[in-house]
Amino acid sequence: MDHTILITGAGKGIGRAIALAFAKEAKNTQQFNPVLVLCSRNQEDLDSLAQECQSHGVRTDTIACDLGRLDEVNMLADHVTRHHHTIDCLVNNAGVGRFGPFESMTEEDFDYTMGTNLKGTFFLTQAIFPIMKEKRSGHIFFITSVAAEKAFRHSSIYCMSKFGQKGLVETMRLYARECNVRITDVMPGAVFTPMWGEVTDDFRALMMMPEDIAAPIVQAYLQPGRTTVEEIVLRPTSGDLQDA
Ligand SMILES: NC(=O)c1ccc[n+]([C@@H]2O[C@H](COP(=O)([O-])OP(=O)(O)OC[C@H]3O[C@@H](n4cnc5c(N)ncnc54)[C@H](OP(=O)(O)O)[C@@H]3O)[C@@H](O)[C@H]2O)c1
């Protein structure tokens, strides 16, 4: 069966791992035939990812766009409607973080973070949800964070954005349950991705890897339609990085 799966922030890190996990699952099981619609700002990242997914026999479509801009969010939603006519799964993964002491954060840090994490996530969900509502099926994943429920000293703006995403997740559940749409909140702790910039080997040893987050997302998607995995919480076995 065909499944149209839109993954935002697919070019790097966790989003890239999610795309590859769907592609490998399709190759291994042969019962699942996804079209992966891959979005992030950098087209080169998307091209290399698309090539890797295609090497597993999976169809892809790439769209470079900045989800911090409403016109580009609308362009993405229009593209999906026009070229794919439907959507089965939306993975709201694109996100940014600016980290540092509370006193040092600027208006630009605030607007940049909120633009992608809150505005982009909200308006893309608002544009895509009606398609799922009408056909009474679909699955929306929100990649929030453990920072959606817990404060971290150097993450003031990031935590605000993630607590805010959690507000959207809980609101969307109210709408989604009425029309047979599944909502999964994915809350990872520290994952080794480009978001962290350069890290020491010791620090890296305390983190999870992107594929650790991707695997349970694919499993949750492949649950029978009657069952929703509502939350996935994943932490490094040694716990959260306290000073992040
Ligand atoms: N890494 C962690 O420890 C961790 C833990 C918990 C939750 N998370 C969450 O997981 C998600 C993915 O994070 P990550 O660690 O994989 O980050 P990452 O390695 O920096 O990757 C983020 C991806 O999002 C894309 N992106 C960022 N802003 C965008 C925008 N405005 N429009 C479109 N695409 C955009 C980036 O590509 P371009 O720059 O090319 O656009 C990139 O492909 C985020 O929501 C993050 O908050 C991460």
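This is a predicted model, so every value here is computed, not measured. (Residues numbered from 1 in each chain as written. Predicted model: local features only at pLDDT ≥ 70, side-chain atom pairs only at ≥ 80, totals over all residues. Heavy atoms only, no water.)

Asker: Even after reading the chapter, I still don't get the site of the ligand, so can you show me in this structure?
Answerer: Neighbouring the ligand are 30 residues, the closest being Ile14, Arg41, Tyr158, Val191 and Thr193. Contacts to the ligand include Tyr158, whose side-chain N or O atom sits 2.5 Å from an oxygen atom. One of the side-chain nitrogen or oxygen atoms of Lys162 is found 2.9 Å away from an oxygen atom of the ligand. In isolation the ligand has 890 Å² of accessible area, and contact with the protein removes 94% of it. In a pocket analysis with a 2 Å cut-off to the grid points, the ligand is assigned to the largest pocket. For the shell around the ligand, the elements supplying multiple residues, two or more each, are helix H1 (13-29) and helix H5 (156-176). (Near = heavy atom within 4 Å. Polar contact = N/O pair within 3.5 Å; in protein donor to acceptor, adjacent residues only side chain to side chain. Areas by Shrake-Rupley, 256 points an atom, 1.4 Å probe, with all protein chains shown as cover. 1 Å grid on protein atoms, 1.4 Å probe; cavity = no way out; pocket = protein on both sides within 12 Å on 5 of 7 lines; lining within 4 Å. Sits in = over half its atoms within 2 Å of the grid points. Helix = DSSP H or I, 4+ residues; strand = E, 2+ residues; numbered from the N terminus.)

Asker: Explanation requested: the nonpolar core in the structure shown.
Answerer: Nonpolar side chains tend to gather and get buried jointly when the protein is soluble and globular. Core analysis: the largest hydrophobic core is formed by 35 residues, its most contacted members being Ile5, Ile7, Ile18, Phe22, Leu36 and Leu38. Where this core is concerned, the elements lending two or more residues are strand S1 (2-8), H1, strand S2 (33-40), helix H2 (43-54), strand S4 (89-92), strand S5 (138-143), helix H7 (210-221) and strand S7 (231-234). For this core, the leading source of residues is H1, giving nine residues. Core analysis: the next-biggest nonpolar cluster, separate from the first, contains 27 residues, Ile87, Ile128, Met132 and Met172 among them. (Core = buried A, V, L, I, M, F, W, Y, C linked by side-chain atoms within 4.5 Å. Buried < 20%, exposed > 50% of the residue type's maximum accessible area, 1.4 Å probe, protein only.)

Asker: Where do I start with the sheet that holds S7 in this structure?
Answerer: What links the strands of a sheet is backbone hydrogen bonding, and the strands pair in either a parallel or an antiparallel sense. A sheet is described by the order of its strands in space; here seven strands give the open sequence S3-S2-S1-S4-S5-S6-S7, paired in parallel fashion. A strand with exactly one partner marks an edge of an open sheet, and here the two such strands are strand S3 (59-64) and S7. Each strand axis lies, on average, 15° off the axis of its neighbour in the sheet, ignoring direction. Taken together, the seven bridges between S1 and S2 define a ladder with parallel strand orientation. Opposite His3, over in S2, you have Pro34 as the bridge partner. In the packing of H5 onto the sheet, the strands contacted are S5, strand S6 (181-188) and S7, and the crossing angle to S6 comes to about 160°. (Pairing = 2+ DSSP bridges. Axes fitted to C-alpha atoms, helices over the stretch in contact; angles between N-to-C directions. Contact = heavy atoms within 4.5 Å.)

Asker: For this particular structure, what's the right way to read the packing of helix H4 (residues 107-135) against H5?
Answerer: Axes are the key here: two packed helices are described by the angle between their axes and the distance separating the axes. Close contact between H4 and H5 brings their axes to 9 Å; oriented N to C, the two are set at 10°. What the angle tells us is that H4 and H5 run roughly parallel. Of the residues in H5, those in contact with Asp109, Phe110, Thr113, Met114, Asn117, Leu118, Thr121, Phe122, Thr125 and Phe129 of H4 are Ile157, Tyr158, Met160, Ser161, Lys162, Gly164, Gln165, Leu168, Met172, Tyr175 and Ala176. For the contact of H4 with H5, the residue count by class is twelve nonpolar, seven polar and two charged. (Parallel < 35°, antiparallel > 145°, perpendicular 65-115°, else oblique. Nonpolar A, V, L, I, M, F, W, Y, C, P; charged D, E, K, R; others polar.)

Asker: Teacher, can you tell me more about the pattern of salt bridges here?
Answerer: It is possible for side chains of opposite charge to pair when their charged atoms get near one another. Using the criterion set out here, one finds 16 salt bridges in the structure. Taking the shortest distance from any N to any O, the salt bridge between Arg69 and Glu72 comes out at 3.6 Å. Its salt-bridge partner being Asp88, residue Lys135 comes within 2.9 Å of it at the nearest N-O pair. Placement of the pair is Lys135 in helix H4 and Asp88 in the loop between helix H3 (70-84) and S4, with a sequence separation of 47 residues. A relative accessible area of 14% places Asp88 in the buried class. Connected via shared salt-bridge partners are Glu149, Lys166, Glu170, Arg173, Asp185 and Glu231. (Salt bridge = Lys/Arg side-chain N within 4 Å of Asp/Glu carboxyl O.)

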